[in-house]
Amino acid sequence: MNCKVYSKEGKELRTMVLDDNVFGLPVNEDLIWYAINNELANKRQGNACTKGRAEVHGSNARPFKQKGTGRARQGDKKSPILVGGGTIFGPKPRDFSYTMPKKAKRAALRTILSLKAQSDTLKIIEDFSVESGKTKDLAKLLENFDPGLRTVLILKDDDPKIKRAAANIPWVKYLSYNRLEAHELFYGRQVLMLETAAKNLNDFYKEDGK
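Keep in mind it's a predicted model, so treat the numbers as computed, not measured. (Residues numbered from 1 in each chain as written. Predicted model: local features only at pLDDT ≥ 70, side-chain atom pairs only at ≥ 80, totals over all residues. Heavy atoms only, no water.)

Visitor: Just to check I follow, could you spell out the overall build of the protein for this structure?
Guide: Of the regular secondary structure elements, the protein holds seven helices and six strands. For the protein, the N- to C-terminal ordering of α and β elements is β-β-α-α-α-β-α-β-α-β-α-β-α. Compactness check: the protein gives a C-alpha radius of gyration of 27 Å against a globular reference of 17 Å for 210 residues, more than 25% above the reference. The C-alpha extent of the protein, read off along each of the three principal axes, is 90 × 45 × 25 Å. Across the 210 residues that make up the protein, the buried fraction comes to 39%. (Helix = DSSP H or I, 4+ residues; strand = E, 2+ residues; numbered from the N terminus. Rg over C-alpha atoms; globule rule 2.2 N^0.38 Å. Buried < 20%, exposed > 50% of the residue type's maximum accessible area, 1.4 Å probe, protein only.)

Visitor: Would you take a moment to explain the packing of helix α2 (residues 29-43) against helix α3 (residues 102-118) for this structure?
Guide: A packed helix pair is summarised by two numbers, namely the angle formed by the two axes and the spacing between the axes. Put simply, α2 and α3 touch, their axes get as near as 9 Å, and they point 115° apart. On the basis of their axis angle, the class for α2 and α3 is roughly perpendicular. The handedness of the crossing between α2 and α3 is left-handed. Here α2 contributes L31, I32, A35, N38 and E39 to the contact with α3, which in turn contributes A104, K105, A107, A108, T111 and I112. (Axes fitted to C-alpha atoms, helices over the stretch in contact; angles between N-to-C directions. Parallel < 35°, antiparallel > 145°, perpendicular 65-115°, else oblique. Left-handed = near helix turned anticlockwise from the far one by under 90°. Contact = heavy atoms within 4.5 Å.)

Visitor: Quick question: what am I supposed to make of the environment of D158 here?
Guide: The residue D158 is located in the loop between β4 (151-155) and α5 (160-166) in this model. A sequence separation of 19 residues divides D158 from Y177, and the C-alpha atoms of the two residues are 9.3 Å apart. Those residues in contact with D158 that sit more than four places away from it in its chain are K163, S176 and R179. There is a polar contact of 3.1 Å between the side chain of D158 and the side chain of K163. (Polar contact = N/O pair within 3.5 Å; in protein donor to acceptor, adjacent residues only side chain to side chain.)

Visitor: Help me understand the sheet that holds strand β6 (residues 190-194) in this model?
Guide: Reading across from one edge, β2-β1-β3-β6-β4-β5 is the order of the six strands in this open sheet, with mixed pairing throughout. Pairing within the sheet leaves two strands with one partner each, and these edge strands are β2 (12-17) and β5 (172-176). For this sheet, the mean angle separating the axes of adjacent strands, direction not counted, is 30°. Sheet topology note: the β4/β6 ladder contains four bridges and is parallel. Pairing of T151 across the sheet is with Q190, part of β6. Across the sheet, helix α7 (residues 195-204) is in contact with β1 (2-6), β2, β3 (122-125), β4 and β6; its angle to β6 comes to roughly 90°. (Pairing = 2+ DSSP bridges.)

Visitor: For this particular structure, what's the right way to read the environment of Y177?
Guide: Relative to the helices and strands, Y177 resides in the loop between β5 and α6 (182-187). Along the sequence, Y177 and I125 sit 52 residues apart, while their C-alpha atoms lie 14 Å from each other. Among all residues touching Y177, those that are not within four sequence positions of it are I154, L155, K156, A197, N200, L201 and F204.

Visitor: Sorry, what's going on with the nonpolar core here?
Guide: One finds F23, L113, F128, I154, L180 and M193 to be the most contacted residues of the largest nonpolar core, which totals 50 residues. The greatest single-element share of this core, amounting to seven residues, is contributed by α3. Among residues more than four places away in sequence, those in contact with I154 are L175, Y177, L180, L185, V191, L192, M193, L194 and A197. (Core = buried A, V, L, I, M, F, W, Y, C linked by side-chain atoms within 4.5 Å.)

Spelled out as structure tokens, the structure:
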């Protein structure tokens, strides 16, 4: 498929051919759902912890005598039905992460890229860098591409200056072409991809399309 390449000023420069095996696939909603769920599960800390009946500090003595009160008998003050007692089936620290098959993960990223390309939310920009590394310089450049929208900037490499400049813009997320994230990519209202990054993605997922 063909896609327009824009200058830093937002003007059309030329047309670029994108691989249909990366940017022209039918959208697989189930695969996208699994990829996003996998990423969110792997980010969970899983450190919630509650104390059970055996872990609560307190006496083992009965709160009152067993007979003669007219009340239900109680074993001790740490009972879950009493105030200050233990928690029944409360959360414990656990690992929520799991591994998604590599081919499925890559297929999910390709179908998200295809979704963005087909919905015209993907724009390819000529390669640029923010030499000063300042946020205001990058923000001025992004004013030419619908500023304020949740934006994903796909870089051709780990450019420390662009990353530094984008770190303080709340509506901008940056990703390297070889370390895409399904969650950020899918929920981005617009995806701005450097021209070299687009060429690299054609080669990076080339074998998957065979």
